Amino acid sequence: SQKIEQNSEALNIQEGKTATLTCNYTNYSPAYLQWYRQDPGRGPVFLLLIRENEKEKRKERLKVTFDTTLKQSLFHITASQPADSATYLCALDSSNTGKLIFGQGTTLQVKP
Amino acid sequence: DAGITQSPRHKVTETGTPVTLRCHQTENHRYMYWYRQDPGHGLRLIHYSYGVKDTDKGEVSDGYSVSRSKTEDFLLTLESATSSQTSVYFCAISGSSGASSYEQYFGPGTRLTVT
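In short, a report on the structure. The written sequence of each chain sets the order in which its residues are numbered from 1. The order in which chains are written sets their letters, starting at A; the order in which ligands are written sets their numbers, starting at 1. Only residues with pLDDT of at least 70 get local features here, since the model is predicted, and only at 80 or more are side-chain atom pairs given and counted; chain-wide, interface and lining totals rely on the full set of residues. Only hydrogens and water are set aside when side-chain values are computed; all heavy atoms of the structure are taken into account.

So, about the sheet that holds strand β3 (residues 19–25) of chain B. In sheet architecture, strand pairing relies on hydrogen bonds along the backbone and comes in two forms, parallel and antiparallel. Residue and element names in this part refer to chain B. When DSSP locates at least two bridges between a pair of strands, those strands are taken to pair. Working definition: helices are DSSP H or I runs of at least four residues, strands are E runs of at least two. Numbering for both runs from the N terminus. With antiparallel pairing, four strands are arranged side by side in an open sheet as β1-β3-β8-β7. Pairing within the sheet leaves two strands with one partner each, and these edge strands are β1 (4–7) and β7 (64–70). Taking the axes of each pair of neighbouring strands and ignoring which way they run, one obtains an average angle of 20° across the sheet. Where β7 lies against strand β8 (residues 73–78), five bridges are found, and the strand directions are antiparallel. If you follow Y64 over to β8, its bridge partner there is L78. Lines fitted to C-alpha atoms define the axes here, with helix axes fitted over just the stretch in contact, and angles between the N-to-C directions of these axes take values from 0 to 180 degrees.

Below, the structure is given as structure tokens:
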């Protein structure tokens, strides 16, 4: 069956460290993968999109990798800050139609 | 949330009553989506629209219908609400999809409780 999985356990790190979140998928061959941030009581906010022919994408302190062989994407936040505390969602388009399938999200807590 | 509004933001209704949620955008984006978000299930697509009067089903469309008579408005209707439809509903928009898909922009959400 098709699955998209993120660590369900919260990730707690110290301010200044690098946070690494994982998104694994099975039985999909997505053309691209997206990462979103969601704060409590609010809608998700788009962060980054990485295509299947891109190994890595960066935006300020954020970096995303996409390994289609491992069927995995890693999301990194360098020099993390307490303001980065949120739930991070990965999403892929299983049919290349814009219909996204979301992971359940990983909650990141950055402690000062 | 800029450019996307949802109404109502909160609603409590009784089982068996019809409910309509509205999504309004000012971005003139072609694609609009309705999702529900539940603990343990994450965000799941209910229906989406790829143009005026053009809609298609998502992953969890049973019990829901949609309509899009204008570019800016996408309505989600629960014909006869059930307790299993208690959830937070998000609308999203995007400028394109398919081979050159773009990010989706989400509204603030509607919290619906069916008693």
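From this point, things continue past the structure.
Next up on the list: the sheet that holds strand β8 (residues 72–77) of chain A. All names here are of chain A. The five strands are arranged β1-β3-β8-β7-β6 in an open sheet whose pairing can be described as antiparallel. Each end of this open sheet is capped by a strand with a single partner; those strands are β1 (3–6) and β6 (56–59). Across the sheet, the mean angle from the axis of one strand to that of its neighbour is 15°, orientation sign disregarded. Taken together, the six bridges between strand β3 (residues 19–26) and β8 define a ladder with antiparallel strand orientation. For L21, the partnering residue across the bridge sits in β8 and is F75.

What follows is about the interface of chain B and chain A. Think of interface size as the accessible area that goes away when the parts come together; that is how it is often given. Working rule for contacts: check all heavy atoms of both residues, and any pair within 4.5 Å makes them a contact. With 23 residues of chain B at the contact, the number on the chain A side is 20 residues. At the boundary of chain B with chain A, total buried surface from both sides reaches about 1,700 Å², with 50% on carbon and sulfur atoms. Salt bridge, as used here, is a side-chain nitrogen of Lys or Arg placed within 4 Å of a carboxyl oxygen of Asp or Glu. The interface formed by chain B and chain A holds zero salt bridges in total. A 3.5 Å cut-off defines polar contacts: any pair of N or O atoms within that distance qualifies, except that in protein one atom must be a possible hydrogen donor and the other a possible acceptor, and neighbouring residues in sequence count only when both atoms are side-chain atoms. Connecting chain B to chain A are four residue pairs in polar contact (both at pLDDT 80 or more). If you list the elements that add at least two residues to the side of chain B that touches chain A, you get β4 (31–38), β5 (42–51) and β6 (54–57) of chain B. The greatest single-element share of the side of chain B that touches chain A, amounting to four residues, is contributed by β5(B). Three classes are used: nonpolar for Ala, Val, Leu, Ile, Met, Phe, Trp, Tyr, Cys and Pro, charged for Asp, Glu, Lys and Arg, and polar for all others, with Gly counted as polar. In terms of residue class, the side of chain B that touches chain A is made up of ten nonpolar, nine polar and four charged. Buried area, as used here, totals the accessible surface that two parts lose on assembly, with accessibility defined by a 1.4 Å probe and the loss added over both.

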